[in-house]
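The residues making up each chain are set out below.
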Amino acid sequence: MGTQDGLKSERAPHALKALPLGALRGLGEAVRGDVSGLGRAFAIVVGLAWTTWGYVVGSVRLKLVRS
């Protein structure tokens, strides 16, 4: 099994399940009075958005170089 295949099976469930649950947990903590939960939720959302943006930009650049 190649590196990409091994990582694919871990990447999708984490990005689609664990990260949203973590952000929701942080928001719930903020509602219950733990203001730092809001920061954790924000960090998860920004981190995922930044990572997604980097992936998209990298993929586009790679396609441009190969063509």
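It should be noted that the structure appears before, not after, this text.
Residues numbered from 1 in each chain as written. Predicted model: local features only at pLDDT ≥ 70, side-chain atom pairs only at ≥ 80, totals over all residues. Heavy atoms only, no water.

**Re the pattern of salt bridges**
Moving on, step 1. What the rule picks out here adds up to 2 salt bridges.
Moving on, step 2. Between Glu29 and Arg40 there is a salt bridge, with the nearest N and O atoms lying 2.4 Å from each other. Taken together, the residues span a long stretch of sequence, with Glu29 in helix α1 (residues 3-31) and Arg40 in helix α2 (residues 36-66) at a distance of 11 residues.
Moving on, step 3. Taking the relative accessible area as the measure of exposure, Arg40 reaches 39% and is therefore partly exposed.
Moving on, step 4. Connected via shared salt-bridge partners are Glu29, Asp34 and Arg40. (Salt bridge = Lys/Arg side-chain N within 4 Å of Asp/Glu carboxyl O. Helix = DSSP H or I, 4+ residues; strand = E, 2+ residues; numbered from the N terminus. Buried < 20%, exposed > 50% of the residue type's maximum accessible area, 1.4 Å probe, protein only.)

**A closer look at the environment of Gly47**
Moving on, step 1. By the element assignment, Gly47 lies in helix α2.
Moving on, step 2. Residues Gly47 and Leu19, spaced 28 residues apart in sequence, show a C-alpha to C-alpha distance of 9.8 Å.

**Some remarks on the environment of Glu29**
Moving on, step 1. Remark: the alpha-carbon pair of Glu29 and Ala41, spanning 12 residues in sequence, is separated by 9.5 Å.
Moving on, step 2. Not counting the four nearest positions on each side in its chain, Glu29 is found in contact with Asp34, Gly37 and Arg40.
Moving on, step 3. Side-chain polar atoms of Glu29 contact the side chain of Arg40, separated by 2.4 Å. (Contact = heavy atoms within 4.5 Å. Polar contact = N/O pair within 3.5 Å; in protein donor to acceptor, adjacent residues only side chain to side chain.)

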